[in-house]
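What follows is the residue order along each chain.
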Amino acid sequence: MNCRILGVAFAEPIGARCWQCTKTLSRRAVRADLSRKAGEVKLHLLGDPYYGGRGTLWGAKAVIDRATDILGLVDVQPTFMPGGELAVADGDAVVPAINRLLRLFDHAFATQDWHPAGHSSFASAHPGRKPYDTIEMSYGRQVLWPDHALQGSDNAALHPALDMTKVEVIVRKGFDPAIDSYSTFFENDHRTATGLDGWLRQRGFRRVFLAGLATDFCVAWSAEDAVRLGYEVTVIEDACRGIGIDLGNGRTTLDEARDRLSGLGVRMVKSETLTA
Ligand SMILES: [Zn+2]
């Protein structure tokens, strides 16, 4: 993708990067305009068929709008952490990172993977198959997982150290035995809605910030759906951890997820670039 800057205005050029091509912008590429709010600016992009014109360039700090921004906590459950059934390496490190982030937001939602025993996403439900195999289901390709997130189990609860004060809704997903649900908006058929979109819309949220587990599955699929539903989406990478299944071509599911997200215009940022 070739983004070319025609004109740009912002107050804090240091460390700014184009959110489309993620290229760091030199000072010469910008024209300061101190009338704009620091941290959020506009630029023109050329050569991008999806957006075709105008995007937002983030300065050194992006300012959280406490009224219309919401932080989504994706599957922060011990089942996905070291010692859990489907452990993501270093997965428990997201808990303190998320608790710090929550200070910037007035609103949050959480998702909870919530499977009945014998769920069709479990390798154990498919004789001869093993975890991390891929099979074709009626709704598309499905990775098979170890049994995890069993309804009512201690490891399927939201992590006990997670600050729940600002969590206004909890969306459970994956409870239909016949279909998995990575995204917090749609089950894996991409059609069956969880209801979260309606809730966010009725509450007036416009920008969705995501953190949690795992970057390359439930976080990535949630981000993709959120973009398609019209939200501005930011993934806070240091408050996420990924699985990174080897795809056999020198790349992992994490590489693929990052490519898909940046192609859709999802911002991938670090916590330190956000401010209240
Ligand atoms: Zn699951």
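Placed above this text is the structure.
Residues numbered from 1 in each chain as written. Predicted model: local features only at pLDDT ≥ 70, side-chain atom pairs only at ≥ 80, totals over all residues.

A tally of regular secondary structure across the protein gives four helices and 14 strands. The proportion of buried residues among the 276 residues of the protein is 39%. Sequence separation of at least 24 residues holds for 68% of the intrachain contacts in the protein that already meet a minimum separation of 6. (Helix = DSSP H or I, 4+ residues; strand = E, 2+ residues; numbered from the N terminus. Buried ≥ 20, exposed ≤ 12 C-beta atoms within 10 Å, placed from the backbone. Contact = placed C-beta atoms within 7 Å.)

With that settled, consider the environment of G198. Checked against the element boundaries, G198 lands in helix α2 (residues 196-203). For G198 and F185, which are 13 residues apart along the polypeptide, the C-alpha to C-alpha distance reads 9.6 Å.

In this chain, L213 is followed by A214 through a cis amide linkage whose omega measures -15 degrees. Residue placement: A214 occurs in the loop between β11 (207-213) and α3 (215-228). Positive phi values are uncommon outside glycine, yet D90 reaches one of about 65 degrees. Mapped onto the elements, D90 comes out in the loop between β6 (69-74) and α1 (94-101).

Of all the positions in α1, only V94, V95, I98 and L101 are classed as buried. Seen from one end, α1 has its buried residues packed into an arc of 125 degrees, which puts them on one side. For α1, the elements touching its buried residues are β6, β11 and β12 (232-241). (Arc of directions from axis to C-beta.)

L73, I98, L210, A211, L213, V219 and A223 are the most contacted members of the largest nonpolar core, which totals 49 residues. Residue assignment for this core shows that the elements contributing at least two residues are β6, α1, β7 (108-113), α2, β11, α3, β12 and α4 (253-264). Ignoring any residue separated from it by four or fewer positions in sequence, one finds L210 in contact with G72, V74, V219, S222, A223, V233, V235 and I236. (Core = buried A, V, L, I, M, F, W, Y, C linked by C-beta atoms within 7 Å.)

Here K166 is to be found in the loop between β9 (140-143) and β10 (167-173). On the basis of neighbour count, K166 is assigned to the partly exposed category, with 16 C-beta atoms found within 10 Å. The spacing of K166 and D106 is 60 residues in sequence and 6.4 Å in space, taken between C-alpha atoms. Aside from chain neighbours lying at most four places away, what touches K166 is L102, F105, D106, H107 and A108.

Spatially, β10-β7-β6-β11-β12-β13 is the arrangement adopted by the six strands of the open sheet, whose pairing is parallel. Edge strands, defined here as strands with exactly one partner in the open sheet, are β10 and β13 (267-269). On average, each strand axis in the sheet is tilted by 25 degrees relative to the strand beside it, whichever way the strands run. Note that β7 and β10 share six bridges and pair parallel. The partner of D113 across the bridge, within β10, is K173. (Pairing = 2+ DSSP bridges. Axes fitted to C-alpha atoms, helices over the stretch in contact; angles between N-to-C directions.)

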